[in-house]
Amino acid sequence: MCTPDQQRRGRLAWRLGALTIVLLAAGLAAGSDGWSMLALWDTLQRGDAALIVGQIRAPRTLGAWLAGALLGLSGAVAQGLFRNPLADPYLLGSASGASLAVVLVLAASSLTGHGIALATAGAVARLGLVGAAFAGALLGVSLTLVLARGAEQTTRLLLAGVVVGVLLAAGSDLVTSAAPDALRGKQAFMLGSTGFLSWSACAVLAAGLLVALPPAWRLARALDALTLGEDAARSLGLSLVHLRAALVVALALAIGVAVSQTGLIAFVGLVSPHLVRRFAPAPHGYTLLASAATGGTLLLAADVLARSLIAPQEVPVGVLTALLGGTYLLWLLHRRRIA
Amino acid sequence: MTSSRRRWVRAIVSCVLAVSGGSASAQPMVVRDDRGVDLAIAASPQRIVSLLPSLTESVCAVGACARLVGVDRFSNWPDSVRALPKLGGIEDALVERVVALKPDLVLAAPSARAIERFEGLGLKVLVLESRNRADVKRTLNILARVLGAAPQAAAVWSRIERDERLAVERVPAHWRGRRVYFEVDATPYAAGAGSFIGETLARLGLVNIVPTELGPFPKLNPEFVVRAQPDLVIAHNANLAEMPKRPGWADLRALRSGSICGFEPAAYELLIRPGPRMGEAAQSLAACLAALPAPGGAPR
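Residues numbered from 1 in each chain as written. Chains lettered and ligands numbered in written order. Predicted model: local features only at pLDDT ≥ 70, side-chain atom pairs only at ≥ 80, totals over all residues. Heavy atoms only, no water.

## Quick word on the overall build of chain A
Scanning chain A from terminus to terminus reveals 14 helices and two strands. Here chain A has a C-alpha radius of gyration of 21 Å; the compact-globule value for 339 residues is 20 Å, and the two agree. Dimensions along the principal axes, computed over C-alpha positions, put chain A at roughly 60 × 55 × 35 Å. Each of the 339 residues in chain A was classed as buried or not, and the buried ones make up 53%. Roughly 14900 Å² of accessible area belongs to chain A as shown, and the carbon and sulfur atoms make up 69% of that amount. Across chain A, the 23 positively charged side chains and the 13 negatively charged ones have centroids separated by 8 Å. (Helix = DSSP H or I, 4+ residues; strand = E, 2+ residues; numbered from the N terminus. Rg over C-alpha atoms; globule rule 2.2 N^0.38 Å. Buried < 20%, exposed > 50% of the residue type's maximum accessible area, 1.4 Å probe, protein only. Areas by Shrake-Rupley, 256 points an atom, 1.4 Å probe, with all protein chains shown as cover. Lys, Arg positive; Asp, Glu negative; His and termini not counted. Charge placed at Lys NZ, Arg CZ, Asp CG, Glu CD.)

## Considering the overall build of chain B
Across its full length, chain B carries 12 helices and 11 strands. Against the compact-globule benchmark of 19 Å for 300 residues, chain B has a radius of gyration of 24 Å, which places it well outside the compact range. Considered along the principal axes of its C-alpha atoms, chain B spans approximately 100 × 40 × 35 Å. The 300 residues of chain B split such that 49% are buried.

## Here's the deal with helix H11 (residues 240-262) of chain A
Compared with an ideal rise of 1.5 Å per residue, which puts 23 residues at 33 Å, H11 of chain A spans 32 Å between its outermost C-alpha atoms and is within 8% of the ideal. Note on H11 of chain A: the residue one or two positions beyond its end, glycine 263 of chain A, has a positive phi of about 80 degrees. (Expected span 1.5 Å × (residues − 1).)

## Describing unusual backbone geometry
Residues and elements named next belong to chain B. A cis geometry characterises the amide bond from tryptophan 77 onward to proline 78, with omega recorded as -10 degrees. Note that proline 78 resides in the loop between strand E4 (68-71) and helix H3 (95-100). The phi angle at lysine 102 is positive, at roughly 50 degrees, despite the residue not being glycine. Relative to the helices and strands, lysine 102 resides in the loop between H3 and strand E5 (105-108). Residue lysine 102 is classed as exposed on the basis of its relative accessible area, which comes to 51%. The backbone of glutamine 229 shows a phi angle near 40 degrees, a positive value even though the residue is not glycine. Examined against the element boundaries, glutamine 229 turns out to sit in the loop between helix H8 (222-228) and strand E10 (232-236).

## So, the pairing of strand E1 (residues 29-32) of chain B
Residues and elements named next belong to chain B. Every second residue of E1 is oriented toward a common face, the buried set being Met29 and Val31 and the non-buried set Val30 and Arg32. As defined by bridge partners, E1 adjoins strand E2 (residues 38-41) across four bridges and the pair is classed as antiparallel. Directly across from arginine 32, in E2, lies its bridge partner aspartate 38. Count of turn residues in the E1/E2 antiparallel hairpin: five residues, of which glycine 36 carries a positive phi of about 85 degrees. (Pairing = 2+ DSSP bridges.)

## A closer look at the pattern of salt bridges
Within this structure, the stated rule accounts for 27 salt bridges over all chains. Note that glutamate 314 of chain A and arginine 60 of chain A form a salt bridge whose closest N and O atoms lie 3.0 Å from each other. Of this pair, glutamate 314 of chain A sits in the loop between helix H13 (284-308) and helix H14 (317-338) while arginine 60 of chain A sits in helix H3 (residues 49-82), and the two are 254 residues apart along the sequence. Residue glutamate 314 of chain A is classed as partly exposed on the basis of its relative accessible area, which comes to 33%. A relative accessible area of 7% places arginine 60 of chain A in the buried class. Where glutamate 164 of chain B meets arginine 133 of chain B, a salt bridge forms, and the shortest distance between an N and an O atom there is 2.3 Å. Taken together, the residues span a long stretch of sequence, with glutamate 164 of chain B in helix H6 (residues 150-170) and arginine 133 of chain B in helix H5 (residues 133-147) at a distance of 31 residues. Residues glutamate 164 of chain B and arginine 133 of chain B agree in their burial class; the two are buried. (Salt bridge = Lys/Arg side-chain N within 4 Å of Asp/Glu carboxyl O.)

## So, the side chain of glutamine 261 of chain A
Summarising the element assignment, glutamine 261 of chain A is placed in helix H11. Excluding anything up to four places from it in sequence, glutamine 261 of chain A contacts Val130, Ser193, Leu197, Ala201, Val204 and Leu205 of chain A together with Arg113 of chain B. (Contact = heavy atoms within 4.5 Å.)

## Brief notes about the pairing of E10 of chain B
Residue and element names in this part refer to chain B. Counting buried positions along E10 gives four out of five residues, so the element sits mostly inside the fold. Bridging between E10 and strand E11 (residues 260-263) involves four bridges; their strand directions are parallel. In the strand pairing of E11, isoleucine 234 is matched with cysteine 261.

## As for helix H8 (residues 199-218) of chain A
Residues and elements named next belong to chain A. Relative to the 28 Å expected for 20 residues at 1.5 Å per residue, H8 spans 29 Å between its end C-alpha atoms, a close match to the ideal helical length. Of the residues making up H8, those classed as buried are Ala201, Cys202, Leu205, Gly208, Leu209, Ala212 and Ala216. Structurally, H8 contributes buried residues whose contacts are with H3, helix H9 (220-226), H11 and H13.

## A closer look at the interface of chain B and chain A
Opposite the 25 residues of chain B that make contact, chain A presents 36 residues. Carbon and sulfur atoms supply 60% of the area that chain B and chain A bury against each other, a total of about 2400 Å² over both sides. Taken as a group, Glu96, Arg113 and Arg117 of chain B account for 32% of the area that chain B buries against chain A, more than any other trio of residues on that side. Scanning the region where chain B abuts chain A turns up one salt bridge. A salt bridge links glutamate 96 of chain B to arginine 57 of chain A, with the shortest nitrogen-to-oxygen separation between them at 2.7 Å. The interface formed by chain B and chain A contains four residue pairs in polar contact (both at pLDDT 80 or more). Only H3 and helix H4 (112-120) of chain B provide two or more residues apiece to the side of chain B that touches chain A. Class assignment for the residues of the side of chain B that touches chain A results in 12 nonpolar, one polar and 12 charged. (Buried area = accessible area lost by both parts, 1.4 Å probe. Polar contact = N/O pair within 3.5 Å; in protein donor to acceptor, adjacent residues only side chain to side chain. Nonpolar A, V, L, I, M, F, W, Y, C, P; charged D, E, K, R; others polar.)

## Topic: the state of the cysteines
What we call a disulfide is simply a covalent bond connecting the sulfur atoms of a pair of cysteines. Residues and elements named next belong to chain B. The full count for this structure, using the stated rule, is two disulfides over all chains. A disulfide bridge connects cysteine 60 with cysteine 65, and the sulfur atoms are separated by 2.1 Å. The sign of the 60 degrees torsion about the S-S bond sets the cysteine 60-cysteine 65 disulfide as right-handed. A residue is classified by how much of its surface remains accessible, and cysteine 60, at 12% relative accessible area, is buried. Residue cysteine 261 pairs covalently with cysteine 288 via a disulfide, S to S 1.9 Å. Measuring handedness by torsion sign, the sulfur bridge of cysteine 261 and cysteine 288 sits at about -100 degrees and is left-handed. Residue cysteine 261 is found in strand E11, and its partner cysteine 288 is found in helix H12 (residues 278-291); the two are separated by 27 residues along the sequence. Exposure class is identical for cysteine 261 and cysteine 288. Each is buried. (Disulfide = S-S within 2.5 Å.)

Here's what the structure looks like:
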């Protein structure tokens, strides 16, 4: 016999699975010639099907799901860690760190060009955009941890994250005002994009998910204890310092990997855990997994729409995730108030 | 017997000819681009994608416009490129569309993401960057080599120089040595003496209020412009219209006396693209100067 809650969890899992399969198929069919099975059939008949479908659409589709899953997982971890439903995975300085590094790469040539000759800019340029974004995200979080003197106090950690975010954002604004050429690239990074995902990017994203998921899953019960309050969690014999540090590291890794491959895609991390909790309230173990699946489904849906809405042009995928997720959340809130 | 032997000989000879002829035409040339990457490009690419307006213009200027199969969203000159597929910008290039066009060469400005992805998909990407006059000449020469259009490129360059000489002659004597402010953006960003726009202005005998040390396109304190009191202000028409509303800018003598060169979008684009129409840009600036009343006072 299943309890109603278990039934709801099962239903959500089935729905996410089915939706993912449908969207994966749609991802292969949606391209620069719009969205239709006939167009896909035409493409498959042509000689370049392996290239167009195999090397462009397939990795893009899978990569969008994986990146969304990383964002959803990070969102659930962040909200559990801070016991705050408004916590965003970009909160701990990862987003601003990544964008500062990206802006440094973009501006490196023009900065060294007119004599400022930043040694750091040169070094960062050699790292490449993806590597720089990853390193920047990790450095941003490390800086937050140093400022907060570890991960012991939630409020201090949050405040330090906000301060680091502001400081690093100011840094990247400073760089772009010295090298305005970098502005367009910075904007593209802030909007996020799934358009450049390759098979190697998918491998990196999958590796990130494989590395970040097990520790998060293992610590899920500790997150459950934490919902009772810090004192209660301590009285249950949990070492909050180690627990938080481990979760922050998992969070930073997941976000760093996602951001380096796709840029700062908005809202997926914030909204996925909410969607899961609305449909199937559950302990953190389930919420973490389901948030990852929801994030993947959401970003993949946004990616398919981004490609097909005004094909052959594209809508920035970050705009769509915010629109889709935001509208849906608003609708849920509204319906609940009426009920 | 003889006839069959003759057939064999003929077949072998034609084979050898085909092979040698084929290898001569398909011999790749090696070109070093602005990233410092040595690119092996098959002789004379026939399907070219350009992701930068100035590169599109350069390809067309050397007579290879018909080989373009797609351009970025900003490319709009010459008119024939408007009909080509638009492939986004360099930061948000439409990867699938570009690949589906099967280009044998992609021309792009330096920018990481798209280039990496294109090369991963097996496309040849030639990265070219034009920041100043010397770059424009170098870019033209590289393109000429790649496209097998050296004489055309030489002609384009000599036309730029001829147009610039004509422009210089056209500038009235009372404008020589006068101080100019060229606004690129209302924030305000200026074109400094070190930019290619600055180089053109210097050729026309104007003195830039923004020295080379400040960089090619520095963001200025608005006060800097007011204190510098340029004799001439050059900007987009929309920006010129709101300049008097900026605090203190109504006192700019150039604005009060109408010593301004305002340009509509198409004419303005001509000024800010480092490409084969640089000579025309100089002409258009000179025409504006020739139509202006003489500035008051002596040049400082």
